[in-house]
Every structure is written in C-alpha cells, then in structure tokens.
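Reading the structure
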Amino acid sequence: MSQISNRSGALIIAIGAIAYISAVTQRSTMGIASLVATDRFQTTAEQLSMLAVAQLIVYAAMQIPVGLLLDRWGPRRLLSIGALSMALGQYVVAFAPSLGLAVSGRMLVGFGDAFTFISMIRLINGWYSGKRASQLQQWLGNGGQVGQIVSAIPFSILLHAAGWQVSFTVWATIALIIGTLGLILIVDEPIKHAHDVGSLREQLGLLRKSVRSSSTRLAFWVHFSTQSSTTVIVLLWGVPFLEQGEGLSKTAVTWVLTSFVALGFLGGLAFGQLCAHRPDLRRPVLSVTAGAMLTSWVALLAYPGPAPAWLICAWVFFVSTNAPASMVAFDYTREFVPKRELGAANGFVNIGGFLATFTMMFLIGVVLDVFYVAYGESRGLPLYSLEGFRLAFISVPLIIGSGFLMYLKNEKITRNLHQLGLKP
C-alpha cells in the first residue's frame, strides 16, 4: 500500500479525536442528569451511584481485553465498535422504564467507552512518533475533555428543555453516526504492516511481563492518583454536591463544571510541552500538582459551612490540573513499552484512574445514605447535605494520596534501574 499523505493522516487523527470527544460526552451525560435520574427512578444515593459505578466497572474490566484486541485488530475497528455500543447503551437509557434497565444501558456505554481512548492513543502512535506523538497524546487526550463541556451545556439545555428520552436519544444518534463514519474513513497507519502479535497466550505472557515492570506500574499509579478526582466530580457527584450541598445555582454549577474542562485543557498544553521537551521534570511537577490537589481537598472538607467562592475556585483549579497530569502515564508507557505491546499495556494503565474513580464513587454513595439514615433524616437534612458530603468525600484524598505514594515508590525503582543501564 502506498504511503498516505500527511494531510490525510491529520484528518484521520481528527476523526479519532472526535470519536473520543463523543465518548467523553456519552460517559458524562449521567453526571449532568444525576438529579433528574434521582427523581425519575426514585433512587437512594447508593442506587444513583450504581448508574455510574456499573458503567466504570465494565470500562475498567474491558481495558486489558480491549488492549489485546487493539494489538491484534488495530484502532479503526475498535473505535467503531465502541461508538456503536455507546449508541445502543444510550438508546436503552433513553427508554428505560426502571433503574435496573438504565444501569444495563450505562454498562453498554461503559463497554463502548472502553474501546475508545486507548484506540485513539494507538492511532496517534501509528501515524506519529517521538516528540510529535508525545505532544499529540497530551493535547488530544486532554482536548477530548471538551466532551464534558458538551454534556454540561448543550446536553443539559436539551435535557431540561425536551426531557430525558429526547436528550439521550439525540446523543445516542450522534454516537451511531460517528461509529459509522469511523469505520469508513479511519486508516490504522500510513503504511499497512503485518504485525506479528503472536498467539493470545504469547500476548498474555508479554502483558504479565509488562505489568511486573516498575515502569508500567508507575504509569498505572500516575493514572490512579491524578485522573480519578476530577472524574468523580464530573461524572456523578459534582452536580449534587455543588447544587444541593454548597447551594450554588444551576448556572454557577454549569460554569464550575465547564471550568474543570477549560483548565484541564490548558494544563494539557503545558504537560504536552513538558513530556516532549523536559521529561526529566515529570516527577517533580507531578509531586507539586498532586500535593496541591490533596491540600485543596483537605481545605474544602475542613471549612466550616458552605465554602466561599475563593476556596471553590482554588479547589477547581488544583483538582482540574491533575486531569491532564494523568496523561503523563501514557508518556511513560510510550517511552518504555514496545509498540507491538502498547495496546495491552495502556489498557492496564488506564484501569488505574477508573479503579480509583468507581471505588470512591461507590463509597461516597454508601456514606451519604448511612449518614442520612443515621443522622440527617431526623434533623431535617436533605439526602445530599453538605454535612453528608463532607464526611463522604474523606475517601477521596485518602485513596488518591495512597496511590501517589505507590507512584513515588515505583518511580524511584525505575529511575535507579535506568541509571544502572537496566530495563525497568
């Protein structure tokens, strides 16, 4: 096959990026619709959390299988499968008469979402290498969070204007169109190669070897620590916490959620330059951003009563900067993992953030319910009270802090091995 032009390559990467933006939108629609879902299905906090947690469990569980398929089939097929699965899931959610069926639909969304991000990363590495690939991973990985703005503004407007069924049906149709176009237009790489990925048994053996390496583990813990905090807020608990806990207006909540994305995108530009030109600064920069995030969470939870605007702004800023920091994980794998094993390794790494996310989401829902039954209801507090959230959110800094300590441990091992000339 003849080499495809750079212009065509840019168009193909753009289609992959659009598919990822759509996936982020489909993923985050339930966070915007969380209070509507509470009324529609008459849920408790724990039941509401299952709408997001079930989706993320499927997403995380599919990462390694998808990574193995990616090394064998390439990103074109997987991006299309992902978009079509998300379309089906959103159609199910749109017409679900009960919470159980809605959860099933969100699980289909999680299944399709699992195919998208690492397929886009693999598509970039199929077309580009070196610093350019590193920058594009950062920029497009963080640029995909524009999908959260799409769900926070256009989807939210449609949801409140036209209702549940219409809004979810429209978004399902968008995913259906993108999946069809991707299957027709995307090319995996400029020159078709016959990749020797070996048998499934050999692939699993290579993956086990990769997981045992400190470089892959440090990438896992980077993603675990930095991606999860923002996702907990944007995917589910941000609207109830800010609107009913902190007492912000719907307009203010929309601007706060949009700020998470805008600041994350700007941070992604900075991390793209860092990974491309100063990879030696990854550890100190991550230490500063993670430390600032943890401090902002502690300050928010310790403040007596509703937080003032300046504290909420500081919390949004420091939490949002960690979303683009999570993309540093894939810069580590790009540096240390052979390309033919990259899909499965990135699948394993991508589990990290979502493992932390659904653990925190579920714990928050359980604590909110326990607090309401044991204390809040008798005192006339709502289910989503500030006092309940202050107690439930304690899990967030505890989990991400422990994950970051694991990153520091594996980063030190990797650095020492690299200095000795050994493969980490």
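Here we summarise the structure given alongside this text. Because the structure is a prediction, the values reported are computed rather than measured. (Residues numbered from 1 in each chain as written. Predicted model: local features only at pLDDT ≥ 70, side-chain atom pairs only at ≥ 80, totals over all residues. Heavy atoms only, no water.)

A closer look at the packing of aromatic side chains
For the record, the criterion: By convention, a stacked pair of Phe, Tyr or Trp rings (six-membered ring in the case of Trp) has centres within 6.5 Å and planes under 30 degrees apart, an edge-to-face pair has planes over 60 apart, and any other such pair is tilted. Helix and strand definitions follow DSSP, with helices as H or I runs of at least four residues and strands as E runs of at least two, each counted in order from the N terminus. Burial status follows relative accessibility: with a 1.4 Å probe on protein chains alone, a residue under 20% of its type maximum counts as buried, one over 50% as exposed, and anything between as partly exposed. Charge over a ring is defined by NZ of Lys or CZ of Arg lying within 6 Å of the ring centre and within 35 degrees of the ring normal.
Tallying each qualifying case throughout the model produces 26 aromatic pairs. Taking the centre distance of 4.9 Å and the plane angle of 65° together, the rings of W221 and F224 count as edge-to-face. Of the two residues, W221 and F224 are both situated in helix α11 (residues 214-245); the distance of 3 residues between them amounts to about one turn of the helix. The burial state of W221 is the same as that of F224; both residues are buried. Across from the ring centre of W73, 5.8 Å away, lies the NZ or CZ of R77, which sits over that ring. The cationic tip of R132 hangs over the ring face of Y128; the distance from NZ or CZ to the ring centre is 6.0 Å.

Notes on a positive patch on the surface
The condition that has to hold: What goes into a patch is any residue over 30% in relative accessible area without a salt bridge, connected to like charges within 9 Å or, for nonpolar side chains (Val, Leu, Ile, Met, Phe, Trp, Tyr), within 5 Å. Using a 1.4 Å probe, accessible areas were evaluated by the Shrake-Rupley method; residue-level cover was limited to the displayed protein chains. We define a salt bridge as a side-chain nitrogen of Lys or Arg found within 4 Å of a carboxyl oxygen belonging to Asp or Glu. His residues and chain termini do not enter the charge count, which takes Lys and Arg as positive and Asp and Glu as negative. Charge placement uses NZ in Lys and CZ in Arg. For Asp and Glu, CG and CD serve respectively.
On the surface, R201, R208, K209 and R212 cluster together into a patch of positive charge. Tracing the chain through its elements places R212 in helix α10 (residues 200-212). Assessed through its relative accessible area of 59%, R212 is described here as exposed.

A look at the layout of surface pockets
In plain terms, the rule: Points on a 1 Å grid, built from protein atoms alone, make a cavity when a 1.4 Å probe fits but cannot get out and make a pocket when they are open with protein on both sides within 12 Å along at least 5 of 7 lines; residues with an atom within 4 Å of a point are the lining residues. Grid points are joined across faces, edges and corners, and a volume is the space filled by probe spheres set on the points. In the scheme used here, Gly and all other residues not listed as nonpolar or charged are polar, with Ala, Val, Leu, Ile, Met, Phe, Trp, Tyr, Cys and Pro taken as nonpolar and Asp, Glu, Lys and Arg as charged.
What the second largest pocket holds in volume is close to 300 Å³. As for the second largest pocket, its lining consists of 17 residues, of which L35, H160, V239, E243 and K250 are closest to the centre. Classifying every residue of the lining of the second largest pocket by side-chain character gives 9 nonpolar, 5 polar and 3 charged.

Quick look at the pattern of salt bridges
Tallying each qualifying case throughout the model produces 8 salt bridges. Ionic pairing is found between D331 and R334, a salt bridge with its closest N-O pair at 3.3 Å. Here D331 pairs with R334, and both are found in helix α16 (residues 328-336), just 3 residues apart, close to one helical turn. A residue is classified by how much of its surface remains accessible, and D331, at 1% relative accessible area, is buried. Residue R334 is classed as partly exposed on the basis of its relative accessible area, which comes to 25%. Through salt bridges with shared partners, a single network forms among R282, D331, R334 and E335.

Let's talk about the nonpolar core
Grouped burial of nonpolar side chains is what soluble globular proteins tend to show. What counts, and what does not: What we call a nonpolar core is a set of buried Ala, Val, Leu, Ile, Met, Phe, Trp, Tyr and Cys residues that are connected through their side-chain atoms within 4.5 Å. In this description, contact between two residues means that some pair of their heavy atoms is separated by no more than 4.5 Å.
Membership of the largest hydrophobic core comes to 102 residues, with the highest contact counts inside it found for W237, W315 and F393. Dropping the residues within four chain positions of it, W315 is found in contact with I233, F241, L242, F260, S296, W297 and L300. Counting 12 residues, the second largest nonpolar core, distinct from the first, contains L79, I124, A133 and I178.

So, empty space enclosed by the protein
This model, assessed by the stated rule, comprises 6 cavities of 30 Å³ or more. In this structure, the largest cavity spans a volume of roughly 260 Å³. Residue lining of the largest cavity: 24 residues in total, with Y20, Q145, Q227, A323 and S326 positioned closest to the centre. Contributions of two or more residues to the lining of the largest cavity are made by α1 (6-32), α7 (130-143), α11, α12 (250-277), α15 (322-325) and α17 (342-376). No other element matches the 5 residues that α11 contributes to the lining of the largest cavity.

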